[in-house]
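Read off the chains here:
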Amino acid sequence: MRIAMMGSGGVGGYFGGRMAAVGYDVTFIARGKHLQAIREHGLKIASRDMGDVIVNPAKASDRPEEVGPVDYVIVAVKLWDTQATGKAILPMLGPETTVLSLQNGVEGDSILADIIGTQRLIGGVAFIASSIGEPGVIKHIGTMQRVVIGEHSGGSSLRVEALREALSKAGVTAEISDAIERTIWEKFVFLVGLSAVTTLLRTPLGPVREDPESRALLLSVMRETVSVARARSVALPEDFAETRLEFADGLPADMTSSMHHDIEAGNPLELDWLSGAVTRFGREAGIPTPANQMVSEALEQCAKRRS
């Protein structure tokens, strides 16, 4: 099985690294200092709870056309890069190549489908707290390292089963969803909340959930996200935000979001596809989303001041 990780940061680097470490043929598509470090020293996963891994040598490139056709392309780039990524992966697509997006948000697959076709895509989500600690090193916090995949039409298939098996052999918690669209929205609810509060307040999850006001903001952001999901015929329970808040209480106190990492590093934000998307969906459905709108407006101002 040949696998290309299109994006080799916290998500792509972690799951690709775990599979490469147990012998799968994985090529990491990366760039800049991260690519240089992987080429020179391999890829290291530094995980305080799940154990470190070093893949050395590691196959890495910044030119997908040099990789050639693979069995699976796993897309793990930022959402603003989705359209360019869809075009960039075309040289790696053979007749039977399957594409899995593990991006944030709920719109990445539709953008990719317009470029590569719906028949190649399977749906999926990743649950993990990881980031690039330094070039060539993926830092992983906690024990959560879970991937859920499934066919967009519902259920499983041979290609879904094969990828689940590869992830499982790598020690990843890998599951198949009978309703992957709902699963993607389930993650989206929590992700929007986590990204909003950690980025706006510049703090990890622990202080957020301990302070009554920031805890209330987290819950409000998630409640609005549930409301727009239900308006879009996604079968989430009315109290789903409350159950996600309980889930948050069991996570590591130093857990944060990729958007928090991005604002600290001065990178572009995925805001338009997270709280911004909830605000847009709410407007389309006639549902007020004041908490998400406030987050969007505040972080947009922060981004403008940096530029």
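Only a predicted model underlies this, so the values are computations on that prediction, with no experimental measurement involved. (Residues numbered from 1 in each chain as written. Predicted model: local features only at pLDDT ≥ 70, side-chain atom pairs only at ≥ 80, totals over all residues. Heavy atoms only, no water.)

1. A short note on the overall build of the protein chain
Check the secondary structure of the protein chain and you find 13 helices and 10 strands. For the protein chain, the C-alpha radius of gyration of 19 Å lies close to 19 Å, the compact-globule estimate for 307 residues. Considering only C-alpha atoms, the protein chain reaches an extent of 50 × 40 × 35 Å along its principal axes. Counting across all 307 residues of the protein chain, residues that qualify as buried make up 55%. Residue pairs at least 24 apart in sequence account for 70% of intrachain contacts in the protein chain once pairs closer than 6 positions are excluded. Here the protein chain displays about 13,100 Å² of accessible surface, and carbon together with sulfur accounts for 49% of that area. (Helix = DSSP H or I, 4+ residues; strand = E, 2+ residues; numbered from the N terminus. Rg over C-alpha atoms; globule rule 2.2 N^0.38 Å. Buried < 20%, exposed > 50% of the residue type's maximum accessible area, 1.4 Å probe, protein only. Contact = heavy atoms within 4.5 Å. Areas by Shrake-Rupley, 256 points an atom, 1.4 Å probe, with all protein chains shown as cover.)

2. As for helix α10 (residues 240-249)
Along an α-helix, residues three or four positions apart point the same way, because every turn accommodates 3.6 residues. Turning to α10, its buried residues number three or more, namely Phe240, Ala241, Leu245 and Ala248. For α10, the angular spread of the buried residues around the axis is 145°, confining them to a single face. Where α10 is buried, its residues touch α7 (180-201), α8 (205-210) and α9 (212-231). (Arc of directions from axis to C-beta.)

3. Thoughts on helix α11 (residues 258-265)
Every buried residue of α11 is accounted for by Met259, His260, Asp262 and Ile263. The buried residues of α11 occupy an angular sector of 160° when projected down its axis, which confines them to one face. Looking at α11, the residues exposed on the side facing more than 90 degrees away from the buried face are Glu264 and Ala265. Looking at the residues trailing α11, positive phi occurs at Gly266, about 80°.

4. Re the packing of α9 against helix α12 (residues 275-285)
For any two helices packed against each other, the geometry is given by the interaxial angle and the distance between the axes. Axis separation between α9 and α12 bottoms out at 9 Å; the angle between their running directions is 50°. As the angle between them shows, α9 and α12 are arranged oblique. α12 is crossed by α9, and the crossing has left-handed handedness. Taken together, the residues of α12 that come into contact with α9 (itself represented by Glu224, Thr225, Val228 and Ala231) are Val278, Phe281, Gly282 and Ala285. (Axes fitted to C-alpha atoms, helices over the stretch in contact; angles between N-to-C directions. Parallel < 35°, antiparallel > 145°, perpendicular 65-115°, else oblique. Left-handed = near helix turned anticlockwise from the far one by under 90°.)

5. Describing the packing of aromatic side chains
Counted according to the given criterion, the structure contains four aromatic pairs. Three or more aromatic residues joined by ring pairs form one cluster here, namely Trp185, Phe188 and Phe281. The residue whose ring lies beneath Arg146 is Phe127, and the NZ or CZ to ring-centre distance is 4.7 Å. For Arg232, the ring lying beneath its charged end belongs to Phe281, and the centroid distance is 3.9 Å. (Phe/Tyr/Trp six-rings, centres within 6.5 Å; stacked < 30°, edge-to-face > 60°. Lys NZ or Arg CZ within 6 Å of the ring centre and 35° of its normal.)

6. Some remarks on the pairing of strand β6 (residues 70-75)
Across the six residues of β6, five count as buried, placing the element largely inside the fold. In terms of strand pairing, strand β1 (residues 2-6) meets β6 through four bridges, oriented parallel. Along β6, the bridge assignment pairs Ile3 with Tyr72. Where β6 meets strand β7 (residues 93-101), five bridges bridge the pair, whose relative direction is parallel. What sits directly across from Val73, in β7, is Val99. One crossover worth recording links β6 to the parallel β7 by way of helix α4 (residues 82-88), and it is right-handed. (Pairing = 2+ DSSP bridges. Right-handed = clockwise from strand over helix to strand, strands pointing away.)

7. Things to note about the pattern of salt bridges
Taken as a whole and judged by the stated rule, the model has 19 salt bridges. One salt bridge connects Lys78 with Asp262, and the closest N-O pair in it is separated by 3.0 Å. Here Lys78 is found in the loop between β6 and α4, whereas its partner Asp262 is found in helix α11, with 184 residues between them in sequence. Residue Glu186 pairs with Arg182 through a salt bridge whose shortest N-O separation is 3.6 Å. You can see Glu186 and its partner Arg182 sitting in helix α7, four residues apart, about one turn around the helix. Overall, the relative accessible area of 26% leaves Glu186 in the partly exposed class. Look at Arg182 and you get partly exposed, because its relative accessible area is 37%. One salt-bridge network, in which partners are shared between bridges, spans Arg2, Asp25 and Lys59. (Salt bridge = Lys/Arg side-chain N within 4 Å of Asp/Glu carboxyl O.)

8. Looking at the packing of α9 against α10
Relative to each other, α9 and α10 sit at 135°, their axes nearing to 8 Å. The pairing of α9 with α10 is recorded here as oblique in orientation. For α9 against α10, the interelement crossing comes out right-handed. For the pair formed by α9 and α10, the contact residues are Arg215, Leu218, Leu219, Met222, Arg223 and Val226 on the first element and Phe240, Ala241, Glu242, Arg244, Leu245 and Asp249 on the second. Residue composition of the contact of α9 with α10, by class: seven nonpolar, no polar and five charged. (Nonpolar A, V, L, I, M, F, W, Y, C, P; charged D, E, K, R; others polar.)

As far as function goes, none of this settles anything; it's purely spatial.
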